[in-house]
Every structure is written in C-alpha cells, then in structure tokens.
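# An overview of the molecular structure
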Amino acid sequence: MWLALCATFLLHGSSSSLGSHLETGDLEVLSALDAVDSECKVDGFPGSCEASWLQRRAQKRGTEGNKKTEKTTAEAPAAFAIGTNSIQPHKDSTQNNAKPLKDGDAPGKAGLETAMTQTAANASSDARFCDGHTDGTCKYFSCSSWRGPTQCVQNQCRCQPGYCAIGGKCVLNVPDQNLLTCPQRTGGTCSWFGYCYQYRGPTRCVDGECLCQPGFCSDDDGKCHKKMPDVHADVVPINDESNKFPPRQEDLKTAVALSGGSTRAMVAAIGALRGMEDLSLISHVDLLVSVSGGTWTAGPYMFSHMSEESLLGATTVPSQLSLPELTKRPGAIGDAATHDITGLLKHAFFNHDDPHSIWVNTFNEILLKPLALGNTSKYMASDEGSLQRILRNNPHLQREDFVVPPIDRPRAFVMLGVLLAPLGHESEDNTVVSLQMSPDFSGSPFYSGGHGHINYDEESTNWFAKADIPAVKLVVGGGMVETFALGGDAPYEGQSGGHGVKMPSPSEPFSLAKAIGVSSAAFTAMISQALNKFGGQSMQALIPVTTMWPITSRRVPAPKAAAKYKIGDGGHMDNSGLLPILQRKVPQVVMFVNTDVPISLKSDFCGSKRLISPDLQGAAAWYFVDKFGLASHIAGQFQMHNQVFHYADLQPILCDLQTHRRAGRPAASLRKLEVLKNSWWGIEGGWSVQLLVIYLDKSQVFENELPADTQKEIKAGKDGMFANYPHFPLMSQNPGSLTSFTSAQVNLLSAQVEYSVRQHEGLLREVLQGIPHNPSAPEKSAGFEDLNPNERREGSSEQAAMAGWEGAR
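Residues numbered from 1 in each chain as written. Predicted model: local features only at pLDDT ≥ 70, side-chain atom pairs only at ≥ 80, totals over all residues. Heavy atoms only, no water.

## Examining the overall build of the protein
- Tallying secondary structure elements over the protein gives 24 helices and 29 strands in all.
- Per-residue burial for the protein yields a buried fraction of 64% across its 809 residues. (Helix = DSSP H or I, 4+ residues; strand = E, 2+ residues; numbered from the N terminus. Buried < 20%, exposed > 50% of the residue type's maximum accessible area, 1.4 Å probe, protein only.)

Shown next, in the form of structure tokens:
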C-alpha cells in the first residue's frame, strides 16, 4: 500500500580545511567576505559561516581537468514535498530568477549580496549543521576525486555518511573540520518556476537555487530551520565498558510489551491496558515497551492527561456487547482507529509536503491532534524534576516546549524503532540496529555484535536516476542521549558520556509524533531493500531520517562523526518488544502477542514426541518463535540475531497456548526461561526471566458470552461485520480503506483482549505483584477442539505482504 507513494530525491557525508581547496582566483572572494567571515569562528577556526555562493564558487573553480567532467544541474521541482500548511508554494518577493550557474560561471550581483548578507546573519550562530550537497553532478560522469569521499545519489554528488560539504569538498563531520556552522542550501531548485516549496521553510530563490533566509539553516534534510543555541545534555554510555542504563530505565522489576501489527495491534493494546487499569495492575508495571501499532496506543496513553476511560473507553462485559452497543463511538484512542489514512496521504502527496515527514504528519493529524498532543515542535521529558534540570542547563528552552507523562504512568517507556542504514545504503540483517525512543533518553544501547562497527555494502543503479554508493564502515550505538538533544551533531567533547555535555542543538525536536511515526513506519524496510530497482533511490525520500552519532569508549575512541540515518518501524527487527526488556535484565515480563497468526492445530505440541524445526514453522507468530532460534529470511524483516531462549523451551509454551485454544479459552503461557547471551543486542546470558505470554487467538468461551446478534455476525465470517475476526489483517480490513476499522470492530476486538486480561488475572498478579496464582483453580471451557493434521495455513497478512514484496524483488 504505502509503496504506491512514489517519490523523488536524496544524501550524506577526508579531512581538510576550507582553505586547502580554494584556488588563487578565489582570494578576491575571500577578501570581499573577510569582514564578516573573520567574525564567524568555531573553536578558533575562521570561515565557519561560509556563504552558499562561496561554496559554489570554490567548487566551480576546482581544477581545470575536473571542469570538463562535472557540471551543476538545475533540478526540476521535487515531485512532491510535507508540512500540513504547504498548500501553496513559497515565493519570496526578493527572489532572483537568473539562470542556474554552470561550472566556471560567476554569480550575479544579487547572488553575491545575498551570500554576504547570509554570512553576516549567521555569524553569531551556535548551530552546527551538516550539509551533504557538494553542488556537483554525476549524471554522466563520476564525481571528481578532489571532492573527497562522495557518493552519487539521484545524479547528485553527495558526501558519504559522516562527511559534510564545505566549498564543494567533503570533510569529516567533527568540530575541528566541519567549519560550516549554518549551511544554506536546501537541495531544492527554483529555476523553472521561480519559487520554493513551502515545506522548506523560510527560503529565497537565488541563482535558481532555494537558499535559507538569514537566521535559518539547512540540516541536509531539504528544510530551513531556525538557528538554536547549543544544548547541554546528559550522555549515558551503555556498552562493554559501562552497561548501566539511565536512572529511570535501570533496576526495573516488571515490564509489559505490546507487540506490533498495525491497527489490529493498536486496538488489542487498548483492551490490554484497559483490562490492567481495571484490575489496578498498571501501578505495578515499571517498564512499558511498544512496537508499531502497539505504539499508536501506548504513546497517547503514556502522555495524555485525559482520564483512562476517555482515552481507552469504558470497561466492558461480554454479555452486554450487542450490535447497537458495539457500534457506539469508542474511546479517544479507539476512535482514531476508525479514521483512515488514505485521504491524508493523498493530500500530502499532491500538495508537495515534506516526503520524509509524510508518515509522521499523517498519524499526528489522526491520532495526536485530537488528544492535544499534536504539536511537533515540542520535546519530550520524563518528569517535572528532570525537566527543571534541563531548563536550568538550557535557559533558551521553556516549560511549554515540552510534553511530560502523567505521574501515574509506568516509570519507564520505550517506543521501539530501528536504524535501517545511512541514506543511500540498503538494509540487511547485519546492518539494522535498534533505535529506542523514550521520554528521558533515546539511542541504541550497546555496540551491535559487541564491536559496533557496521559494514554497509556499496550500492549502484542506473535506473531512473544514477546512483553509485561506495561501501562504508561506521560505528553505531554504544549508549543513549537525553531525548530533547537527539538528532543533533556529535558533541564538541564528552562523546564518551557525561553530565551536561555541550553539543549542537538538533534542527528540530524529536517529538512524540516523530517517535510514534517512526515506530510504526512499516513500509521503510521494504523501500530500503529496493535501492537497485526502478526508482529505488528516489523512494528513499519517503523514509523518516535523523542524525545519529555513536557513544565512544576506549575500544571506540572519539571523535566519531555523526551521520544521517534512515529510521523506521521497530517491528522490522523485533515486533514483540521483548528484546529491549531483556537488555535491561527485567526479571518479570508480560508479553502481549497481538498477531494474526493463530496457534497451529496441525501438530500436537503436547505429545511426547519432540518436534523438529519443520514441525514448528508457522506454529505461531514469526516474531515470537524467532526468540527460540526459528528465524528465517523474510524481506523487510531482520530477525537473524534475535535468539535469546533455548530452542527446547519453545514446545512447552506452544503446548500451553494450544491447550487454551483447543478449550476455547484466551491463550496464555507462564514459564520461567533461561536467557541466552546475545551479542548483537548486548543481552547478558545466564539469568532467568518469568515470561507470561498472552496470545491473540480465537476464544470460543468469549464468543459464547456475547449476545445472539453479535454471535450471528461473527459466524457470518467474510459476509458479516467482523470478517477475519479476531485476526484482522495488516491492512485493507474494510473495503476502500487502508488502515481503518469500524467502531464495532474496534470495540469487539478490544473487549476480547480485555476479557483475556481478566481471565488470566491470577497469572498477571503473579508476574507483576509476586502473588502466586492457584494452578488448580477451575477454568472455563467450550469443549475441546480437535487437532487438524491437514490444516492449511495461509500465513499472516504481514508475512503475505513481505512475501509479495520478495517476489517483486
């Protein structure tokens, strides 16, 4: 579905100072700008606010031999561009509509004056952004070697990840070499129509190029951002030298994981939280982890100050769920599930909104704005005490710039995403790393694989627009930074950790909306694995991005450059949400597996025969069995590093789940499991976790308690109101919609999961409160369903979607 959103554009990137590539002919330019440039320094280095025109002039001169193989192109306006206000293109009254400069041309007077004015305005900026545009092209020839470490993306010579363009040359993105504090180039052109798209922010058209207006800087994301002072934030190393998490994420005893699964998982999570609220169990939860659709519920639940009933809906009794009752409007979060995203996506596409933000802005409109949480300019903080410390250390920030969870929510909260790859590179099992987004600290704990050095293979294609991406090796992970500072360049010093570390401010807040959008951006991995196909590089523009830098150590010494990464759905790597919990060594865990894969009845999991791997394939959700070593290569999924339990421990759990399903009860299993060492995730082995799995599947006991009219509709199957119930598919559950459910579907599914929580109250209290349950207590039964050796499994809608994409590749 999301692949129908085709796009255009994109990316990032030897160490040399600015003067090393300026020729004699450029000295007159330096002299003309000396008065303003001499005032603009970073750590004593002059020329740090170099003007956009100076960049072009330096690279235009280059060397005589390079002029023949490279030229600057005048791009057509981007096919689409996002920002909810971008209905009309932005056009500045002072624009200069001169033809775009070619290699060797001198700018007009207006271009020089604008450059000088811009340089002067930026002289006092504390911001330090990284621009990967060199202004060179590779449409016909390779990028010139004098530019340094470049890559060809969409016919453009862009700096490689970790490098920035200064004067057309790529230098390492560290403070003593990245002298350009406030880049002005957005990468957009205005040579055809004389205007820049409004989503780019305050721009002006100069020599056919969209430049930022004075006081605004480009962060290599196509937009102009207001200059902000540097920030002071805590950096926490979490690696082989120090494995302690931030205070609110340390020493946790209990955790709940809400799995992904699009709107189905969102609605099931409503029932899970509503049931636990009704049993007063939430106060015993230390950590809440959510993925993808689970985050659509958990994010608003954690931050909204509305009452639980207003958010989640009133508690339910199955016998009262008649069709008239089910068709009533759900609670605020459930109501969002009844609104489809199709219209908003079309609006964003045809109104030239920022492609990187389309997904984030869509769910901000549907989900967060109705709950008064839709301000994307607000940062997150964990509590009032932490917020006051942040404000003392950063007096330019204000209390109203932040959102904070209510005090009665779980102490720690993680929204799981992934770092897919640097821009321009494909994602693979050995490159994808978790991105954990929390109100207090965010980042990638531990060095993946124990060393943190990730090799991203070279990519090349001549489809649609030429791309030639060299292989690159980057350090990823190693700890977390306070979330309000996430997305900026690496610190000036203190990259290995510390309190109040000074670092460049992010160009825009890593807001709650962005975290929720990233955690659920299910299309990103599929696009990121199609770079060598028709339009593959162009479609990268649809993927959310952020700037990331590693936390260093003695093994990985500073400085290490920041780079722009594609970020996406945590379900690509761990759709259960369990692995971040095990990273924190939480001993008591409840995992809601809100899948569309029923427990298999093909094999007897409770028999004396020990089943081998082929017998267990498809036995349960793929993101559950991978924790026991049953991972497989699926396009868009990166599960190969997820084993944390013994393979032999899987069959007893499947026996528990199958027994409940055959009796018609909500499926659940409580087992104590030994945790295995997992170097990719940094999980320590040799300890035990008590794991309660509550698995979404058909429950005849629940259905038997429903009113007759509701039972009749369920039995109608695909011809009734509840087709596919309870395993509503990943998308297109209802005709003409991509993600939306009806009110009746929302209310019925959430009620079933709420019922599951009540039926397993004893197990939940044992895990969350330490109160042993009574294993001999009578349990309801709806008879005993027979096994079906000839059972045919169509697989889940998630798997079907991935298989379809694999076939297309």
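Having seen the structure, we can now continue with the description.
## Comments concerning unusual backbone geometry
- Omega for the peptide link from Ala-558 to Pro-559 comes to -5°, which places this bond in the cis form.
- Among the structural elements, Pro-559 can be located in the loop between strand S25 (545–548) and strand S26 (563–569).
- Positioned with a positive phi, Asp-135 is a non-glycine residue whose angle comes to about 75°.
- Relative to the elements of secondary structure, Asp-135 occurs in strand S1 (residues 133–137).
- Using a relative accessible area of 9% as the deciding quantity, one classes Asp-135 as buried.

## Let's talk about the packing of helix H5 (residues 262–278) against helix H6 (residues 293–303)
- The interhelical angle for the contact between H5 and H6, taken along N-to-C directions, is 45°, at an axis separation of 6 Å. The angle between H5 and H6 places the two elements in the oblique class. Between H5 and H6 lies a crossing whose hand is right-handed. Across from Ser-262, Thr-263, Ala-265, Met-266, Ala-269, Ile-270, Leu-273 and Glu-277 in H5, the residues of H6 making contact are Gly-293, Gly-294, Trp-296, Thr-297 and Tyr-301. (Axes fitted to C-alpha atoms, helices over the stretch in contact; angles between N-to-C directions. Parallel < 35°, antiparallel > 145°, perpendicular 65-115°, else oblique. Left-handed = near helix turned anticlockwise from the far one by under 90°. Contact = heavy atoms within 4.5 Å.)

## Comments concerning the pattern of salt bridges
- Scanning all chains against the criterion turns up 30 salt bridges.
- One salt bridge connects Arg-554 with Glu-241, and the closest N-O pair in it is separated by 3.9 Å. Highlighted residues: Arg-554 in the loop between S25 and S26 and Glu-241 in the loop between strand S11 (231–237) and strand S12 (254–258), separated in sequence by 313 residues.
- Residue Glu-241 is classed as partly exposed on the basis of its relative accessible area, which comes to 37%. (Salt bridge = Lys/Arg side-chain N within 4 Å of Asp/Glu carboxyl O.)

## Topic: the pairing of S12
- S12 sits mainly inside the fold: 5 of its 5 residues count as buried.
- With burial as the criterion, each face of S12 is covered, one bearing Thr-254, Val-256 and Leu-258 and the other bearing Ala-255 and Ala-257.
- Sheet topology places S12 next to strand S13 (residues 287–291); 4 bridges connect them, and they run parallel. Each bridged residue has a counterpart across the sheet, and for Leu-258 the counterpart in S13 is Ser-290. (Pairing = 2+ DSSP bridges.)

## Concerning the nonpolar core
- Counting residues in hydrophobic clusters, the biggest one holds 168 residues, and the most contacted among them are Leu-582, Phe-624, Phe-645 and Tyr-695.
- Not counting residues within four places of it along the chain, the set of residues in contact with Phe-645 comprises Leu-578, Leu-582, Lys-627, Phe-628, Leu-673, Glu-674, Val-675, Leu-676, Val-689 and Leu-691.
- By size, the runner-up hydrophobic cluster in this structure holds 6 residues, among which are Val-236, Ile-238, Phe-245 and Phe-441. (Core = buried A, V, L, I, M, F, W, Y, C linked by side-chain atoms within 4.5 Å.)

## With respect to the packing of aromatic side chains
- One pass over the full model with this rule turns up 14 aromatic pairs.
- Taken together, a centroid distance of 6.2 Å and an interplanar angle of 65° make the contact between Tyr-195 and Tyr-197 edge-to-face.
- Where Trp-296 meets Phe-363, the ring centres are 4.4 Å apart and the plane angle is 20°; that geometry is what we call stacked. Residue Trp-296 is found in helix H6, and its partner Phe-363 is found in helix H11 (residues 358–368); the two are separated by 67 residues along the sequence. (Phe/Tyr/Trp six-rings, centres within 6.5 Å; stacked < 30°, edge-to-face > 60°.)

## Details of the confidence of the model for the protein
- Here the protein averages 81 in pLDDT, and 78% of its residues register 70 or above.
- Per-residue pLDDT stays below 50 along residues 1–125; that stretch engages in 338 contacts with residues further than four places along the chain or on separate chains.
- Considering only residues more than four positions removed or in separate chains, one finds that residues 800–809, a stretch of pLDDT under 50, has 14 contacts. (pLDDT = per-residue confidence, 0-100.)

## So, the sheet that holds strand S7 (residues 203–206)
- Strand order in this open sheet of 3 strands is S6-S8-S7, and the pairing throughout is antiparallel. Looking at the sheet topology across the chains shown, the edges are occupied by strand S6 (185–189) and S7. Across this sheet, the average inter-strand angle for adjacent strands is 35°, counted without regard to direction.
- By the bridge criterion, 4 bridges tie S7 to strand S8 (residues 209–212) in an arrangement that is antiparallel. The residue of S8 that forms the bridge with Thr-203 is Cys-212.

## Brief notes about the pairing of strand S27 (residues 588–593)
- Across the 6 residues of S27, 6 count as buried, placing the element largely inside the fold.
- Alternating positions in S27 separate into two faces, Gln-588, Val-590 and Phe-592 on one and Val-589, Met-591 and Val-593 on the other, with burial throughout.
- Taken together, the 6 bridges between S27 and strand S29 (residues 687–695) define a ladder with parallel strand orientation. Bridged to Val-590 within S29 is Leu-692.

## Some details on a negative patch on the surface
- On the surface, Glu-428, Asp-457, Glu-458 and Asp-468 cluster together into a negatively charged patch.
- Mapping Asp-457 onto the fold places it in the loop between strand S19 (453–456) and strand S20 (459–461). (Patch = residues over 30% accessible without salt bridge, like charges linked within 9 Å, V, L, I, M, F, W, Y side chains within 5 Å. Areas by Shrake-Rupley, 256 points an atom, 1.4 Å probe, with all protein chains shown as cover. Lys, Arg positive; Asp, Glu negative; His and termini not counted. Charge placed at Lys NZ, Arg CZ, Asp CG, Glu CD.)

## Digging into the side chain of Gln-495
- By the element assignment, Gln-495 lies in the loop between strand S23 (477–482) and strand S24 (498–503).
- For Gln-495, the side chain forms a polar contact with the main-chain oxygen of Lys-560, separated by 2.9 Å.
- With residues near it in sequence (within four places) discarded, Gln-495 still touches Val-235, Ala-490, Trp-549, Pro-550, Ile-551, Thr-552, Ala-558, Pro-559 and Lys-560. (Polar contact = N/O pair within 3.5 Å; in protein donor to acceptor, adjacent residues only side chain to side chain.)

## Description of the state of the cysteines
- Across all of its chains, the model carries 9 disulfides by this definition.
- What pairs with Cys-159 in a disulfide is Cys-170, and their sulfur atoms sit 2.1 Å apart. Looking along the S-S bond of the Cys-159-Cys-170 disulfide, the torsion reads about -95°, which is the left-handed sense. Taken together, the positions of Cys-159 in strand S3 (residues 156–159) and Cys-170 in strand S5 (residues 169–172) put the pair 11 residues apart, joining distant regions of the chain. Considered together, Cys-159 and Cys-170 belong to a single accessibility category, that of buried residues. (Disulfide = S-S within 2.5 Å.)

## Details of the environment of Lys-566
- With respect to the element layout, Lys-566 can be found in strand S26.
- Of note is the side chain of Lys-566, whose polar atom sits 2.4 Å from the backbone oxygen of His-425.

## Brief notes about helix H10 (residues 342–350)
- Those residues of H10 that fall on the buried side of the exposure criterion are Thr-342, Leu-345 and Ala-348. The buried side chains of H10 occupy one side of the element, clustering within an arc of 130° when seen end-on. Exposed side chains of H10 directed beyond 90 degrees from the buried face belong to Lys-346 and Phe-350.
- Positioned one or two residues after H10, His-352 has a phi angle of 60°, which is positive. (Arc of directions from axis to C-beta.)

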